[in-house]
Amino acid sequence: MIKKTHKKKIIKLSNTSLLKITKEIKKKNVKHYFRIYIIGGGCNGFQYEFMLDKKYKKNDIIIQYPEIEIITDPISLQYLIGSRIEYIKKLTGSKFIVNNPNAKNTCGCGISFSI
């Protein structure tokens, strides 16, 4: 069953990340959702992954924003609660960074973490 979250934003977005996600979704011809999930790997044990997804999966959690929906799975969500997603642009490139209050250690690139 798909669960929707309306009241409390359990994953927060900075204005720059919200604008970037909205812009990327609008480039598509069909409805897309911004998926954030956790996989094993990286320097510290876990790694953040992001993608545009065309559909929900069976047990997805949906976090609704005015123009977009973030989707994640229940296992990833337990590591993401209270996090804030930033989008940064530098000369070396641009990327999403997760400021995660649950992470005990993070790597220098900001993509992997440990609990």
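Look a little higher up for the structure.
Cut-off values and rules
- Sequence positions are assigned chain by chain, starting from 1 and proceeding in written order.
- Local features in this predicted model are restricted to residues whose pLDDT is 70 or higher, and side-chain atom pairs enter the listing and the counts only when it is 80 or higher, whereas totals over whole chains, interfaces and linings include all residues.
- Side-chain metrics rest on all non-hydrogen atoms present in the structure, leaving aside hydrogens and water.
- Every helix listed is a DSSP run of H or I at least four residues long, and every strand listed is a run of E at least two residues long, numbered separately from the N terminus.
- At least two DSSP bridges between two strands are needed for those strands to be called paired.
- Take the buried residues of types Ala, Val, Leu, Ile, Met, Phe, Trp, Tyr and Cys, join any two whose side-chain atoms come within 4.5 Å, and each joined set is a nonpolar core.
- Each residue is placed in one exposure class: buried if its accessible area under a 1.4 Å probe, protein chains only, is under 20% of its type's maximum, exposed if it is over 50%, and partly exposed if it falls in between.
- Residues count as neighbours in contact if any of their non-hydrogen atoms are within 4.5 Å of one another.
- As a rule, the C-alpha atoms of each element are fitted with a line to give its axis, helices using only the stretch in contact, and angles between N-to-C directions run from 0 to 180 degrees.
- In protein, a polar contact requires one atom able to donate a hydrogen and another able to accept it; more generally it is a pair of N or O atoms within 3.5 Å, and residues adjacent in sequence count only if both atoms are side-chain atoms.
- A side-chain nitrogen of Lys or Arg and a carboxyl oxygen of Asp or Glu constitute a salt bridge if their distance falls within 4 Å.

### Side note on the environment of Ile75
Next up, step 1: Looking at the element boundaries, Ile75 is found in helix 2 (residues 74-80).
Next up, step 2: Spatially, the C-alpha atom of Ile75 lies 8.5 Å from that of Tyr37, the residues being 38 residues apart in sequence.

### Remarks on the pairing of strand 7 (residues 83-90)
Next up, step 1: Pairing analysis gives 3 bridges linking strand 2 (residues 11-13) to strand 7, with the strands arranged parallel. Pairing of Leu13 across the sheet is with Ile85, part of strand 7.
Next up, step 2: Counting the residues in the hairpin turn of strand 7 and strand 8 (residues 93-99) gives 2 residues.

### Here's the deal with the nonpolar core
Next up, step 1: Core analysis: the biggest nonpolar cluster contains 20 residues, and Ile11, Leu13, Ile21, Ile36, Ile70, Leu80 and Ile85 have the highest contact counts within it.
Next up, step 2: Counting residues per element, this core draws most heavily on strand 3 (residues 33-40), which supplies 3 residues.
Next up, step 3: Beyond its immediate sequence surroundings of up to four residues, Leu13 is in contact with Leu18, Ile21, Tyr65, Ile68, Ile70, Arg84 and Ile85.

### Comments concerning the pairing of strand 3
Next up, step 1: Summarising the sheet, strand 3 and strand 4 (residues 46-53) pair through 8 bridges and their orientation is antiparallel. The residue of strand 4 that forms the bridge with Ile36 is Phe50.
Next up, step 2: With 2 bridges joining them, strand 3 and strand 6 (residues 69-72) adopt parallel strand pairing. In the sheet register, Phe34 faces strand 6, and the bridge partner there is Ile70.

### Observations concerning the environment of Phe34
Next up, step 1: Position of Phe34 among the secondary structure elements: in strand 3.
Next up, step 2: Judged by relative accessible area, which is 3%, Phe34 ranks as buried.
Next up, step 3: Considering only alpha carbons, one finds Phe34 and Ile21, 13 residues apart in sequence, at a separation of 7.1 Å.
Next up, step 4: Here Phe34 is in contact with Ile21, Ile25, Phe50, Met51, Leu52, Glu69, Ile70, Ile71, Ile85 and Phe96, once residues within four sequence places are set aside.

### Observations regarding the sheet that holds strand 8
Next up, step 1: Judged by pairing direction, the sheet is mixed, and its 3 strands sit side by side in the order 2-7-8 without closing on themselves. The sheet is open, and its two borders are formed by strand 2 and strand 8, each paired with just one other strand. Adjacent strand axes in the sheet meet at a mean angle of 25° when their direction is disregarded.
Next up, step 2: Sheet contacts for helix 1 (residues 15-27): strand 2, strand 7 and strand 8; angle to strand 7, the most-contacted strand, approximately 75°.

### Considering the environment of Tyr48
Next up, step 1: Along the chain, Tyr48 falls in strand 4.
Next up, step 2: Taking the C-alpha atoms as reference points, Tyr48 and Ile36, 12 residues apart in sequence, are found 7.0 Å from one another.
Next up, step 3: In terms of polar contacts, Tyr48 uses its side chain to reach the side chain of Asn100, at 3.0 Å.

### A word on the pattern of salt bridges
Next up, step 1: Enumeration over the complete set of coordinates arrives at 6 salt bridges.
Next up, step 2: Between Glu86 and Arg84 there is a salt bridge, with its nearest N and O atoms 2.6 Å apart.
Next up, step 3: Here Arg84 falls in the partly exposed class, since its relative accessible area comes to 34%.

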